[in-house]
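Residues per chain, in single letters:
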Amino acid sequence: MGEWAHGLFGCCDDLGACFMVTFVPCVPFGQNMEAAGLSSCIVGAIIFFLPLLDIICWFKLRGAIRDQHGIEGSLLGDLLSICFCGWCAMIQETQQCKLSPQGGMARA
C-alpha cells in the first residue's frame, strides 16, 4: 500500500490549494468529490453546506481517495484527520486528487 503524496501538514506545498480551501472550501470539496467519482462538482459543493451530510460525505470521500490511490488508512484515521485538522485534510485530499492513481495529472 502507498502513502499520501503530501503529508497532512503539507498545506503550503500547493499554495493554490491552500488558498482555495481557506477562502472557498466548497469548490475544492466539490472538485474532490467529482475526482473521486462520488458526485458532480456542483452537487459536491452544495453538499459541503449541508450539516451532517457534509461530514458523512467527507468520510466517504477520504476513503474513496485512499482506495483509488492505494493509500493505507482507516476510518478512525480519517475521523481524526477531518475532526482535528479539517482544512489540512482537505488540502491533502485536493493535492492527491490532482494526481491520477498512476501518478500523472488528472486535473489542473
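Refer to the structure above for everything that follows.
Residues numbered from 1 in each chain as written. Predicted model: local features only at pLDDT ≥ 70, side-chain atom pairs only at ≥ 80, totals over all residues. Heavy atoms only, no water.

Novice: What is the right way to read the packing of aromatic side chains from this model?
Specialist: Remark: the centre distance and the inter-plane angle together describe each pair of aromatic rings, the angle taken between the planes. Enumeration over the complete set of coordinates arrives at 4 aromatic pairs. When the ring of F29 is compared with that of W58, the centres are 6.2 Å apart and the planes differ by 85°; the resulting orientation is edge-to-face. Of this pair, F29 sits in helix α2 (residues 26–35) while W58 sits in helix α4 (residues 53–69), and the two are 29 residues apart along the sequence. Judged by relative accessible area, W58 falls into the buried class, the value being 8%. Relative to F49, the ring of F48 has its centre 5.5 Å away and its plane inclined at 85°; by these criteria the two rings are edge-to-face. Look at F48 and you get buried, because its relative accessible area is 16%. Grouping aromatic residues by their ring pairs yields a cluster made of F29, F48, F49 and W58. (Phe/Tyr/Trp six-rings, centres within 6.5 Å; stacked < 30°, edge-to-face > 60°. Helix = DSSP H or I, 4+ residues; strand = E, 2+ residues; numbered from the N terminus. Buried < 20%, exposed > 50% of the residue type's maximum accessible area, 1.4 Å probe, protein only.)

Novice: Just checking my understanding: could you explain the environment of V43 for this structure?
Specialist: Along the chain, the position of V43 falls in helix α3 (residues 41–47). Residue V43 is classed as partly exposed on the basis of its relative accessible area of 41%. Taking the C-alpha atoms as reference, V43 lies 18 Å from E93; in sequence the two are 50 residues apart.

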